[in-house]
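Examination of the molecular architecture
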Amino acid sequence: VRASCLETLSELVPKEMYGNGLHGLNESISAAVTLLCDASLKVREAAVDALLSWSPLEPWAILKLEQLVRQKSGLVKAAAVSAIAGSVEVMEAPETRTLLLSCLEDVNKNVQSAAAMVFGRYAKHSLSVGDVDVVTNLADAISDKLQSRRQWVRCAAAVSLQKVLQHFDQPHLKA
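Residues numbered from 1 in each chain as written. Predicted model: local features only at pLDDT ≥ 70, side-chain atom pairs only at ≥ 80, totals over all residues. Heavy atoms only, no water.

Within the protein, the regular secondary structure consists of 10 helices and 0 strands. In the protein, buried positions account for 44% of the 175 residues. Relative to all contacts within the protein whose residues are 6 or more apart in sequence, the contacts with residues 24 or more apart total 67%. Counting every atom, the protein has about 9100 Å² of accessible surface; 54% of that belongs to carbon and sulfur. (Helix = DSSP H or I, 4+ residues; strand = E, 2+ residues; numbered from the N terminus. Buried < 20%, exposed > 50% of the residue type's maximum accessible area, 1.4 Å probe, protein only. Contact = heavy atoms within 4.5 Å. Areas by Shrake-Rupley, 256 points an atom, 1.4 Å probe, with all protein chains shown as cover.)

Now for the packing of helix 5 (residues 59-71) against helix 6 (residues 74-84). Two elements in contact, helix 5 and helix 6, have axes whose closest approach is 8 Å; the angle formed by their N-to-C orientations is 150°. With respect to helix 6, the element helix 5 is oriented roughly antiparallel. As helix 5 packs across helix 6, the resulting crossing turns out to be left-handed. Of the residues in helix 6, those touching helix 5 at Leu-65, Glu-66, Leu-68 and Val-69 are Lys-77, Ala-80, Val-81, Ala-83 and Ile-84. Classifying every residue of the contact of helix 5 with helix 6 gives 7 nonpolar, no polar and 2 charged. (Axes fitted to C-alpha atoms, helices over the stretch in contact; angles between N-to-C directions. Parallel < 35°, antiparallel > 145°, perpendicular 65-115°, else oblique. Left-handed = near helix turned anticlockwise from the far one by under 90°. Nonpolar A, V, L, I, M, F, W, Y, C, P; charged D, E, K, R; others polar.)

Before going further, it helps to examine the packing of helix 6 against helix 8 (residues 109-128). One can describe the packing of helix 6 onto helix 8 by two numbers: an axis separation of 8 Å at closest approach and a directional angle of 5°. Compared by their axis directions, helix 6 and helix 8 come out roughly parallel. Mapping the contact onto sequence places Gly-74, Leu-75, Lys-77, Ala-78, Val-81 and Ser-82 in helix 6 and Asn-110, Val-111, Ala-114, Ala-115, Met-117 and Val-118 in helix 8. Counted by class, the contact of helix 6 with helix 8 contains 8 nonpolar, 3 polar and 1 charged residues.

A few words now on the nonpolar core. In this structure, Leu-36, Leu-51, Leu-65, Phe-119 and Ile-142 are the most contacted members of the largest nonpolar core, which totals 47 residues. Apart from residues no more than four positions distant in its own chain, Leu-65 is found in contact with Val-33, Leu-36, Leu-51, Leu-57, Ala-80, Ala-83 and Ile-84. (Core = buried A, V, L, I, M, F, W, Y, C linked by side-chain atoms within 4.5 Å.)

We now examine the pattern of salt bridges. In the structure shown here, the tally under the stated rule is 3 salt bridges. Ionic pairing is found between Asp-106 and Lys-77, a salt bridge with its closest N-O pair at 2.9 Å. One end of the pair, Asp-106, is in the loop between helix 7 (94-102) and helix 8; the other, Lys-77, is in helix 6, with 29 residues separating them in the sequence. Considered together, Asp-106 and Lys-77 belong to a single accessibility category, that of buried residues. By sharing partners, the salt bridges in this structure join Glu-105, Lys-145 and Arg-150 into a single network. (Salt bridge = Lys/Arg side-chain N within 4 Å of Asp/Glu carboxyl O.)

What is shown is where atoms sit, not what they do.
Here it is in structure tokens:
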């Protein structure tokens, strides 16, 4: 029930309806962030979908998501990382990038996969605006994780690197 209510809310309350920063949407965003901690997988998925539909998120919402990434673990942490993916511009902040890079060291595969997805989206976004240096720097930072002693970190870094580098072969770069 909570999941379908949230799905309906995100469909009925498009961000364009409110513009930026209006109270009603902020309440909905805050509720969705809170529901990322719900015990139900369907509710967490609906919360992520709603947050992605309302992205890019306001700085206060990103701060709440980053707080969840720092404080939670497992599927809740993965949901928070996934919700950040809609606001790839926040990756420009070094502390956010460092936080997401640390997710590659998480033992949970869902957290690692969510981080890889964010890195891929950020690379795609950056290359679409012609910012190759940012993507190169991100690839270098991920490559540093390939030196880890822990196999799961090396595997997570390899997947993330693949997600980032796949966008270098896109047609818009050949022009």
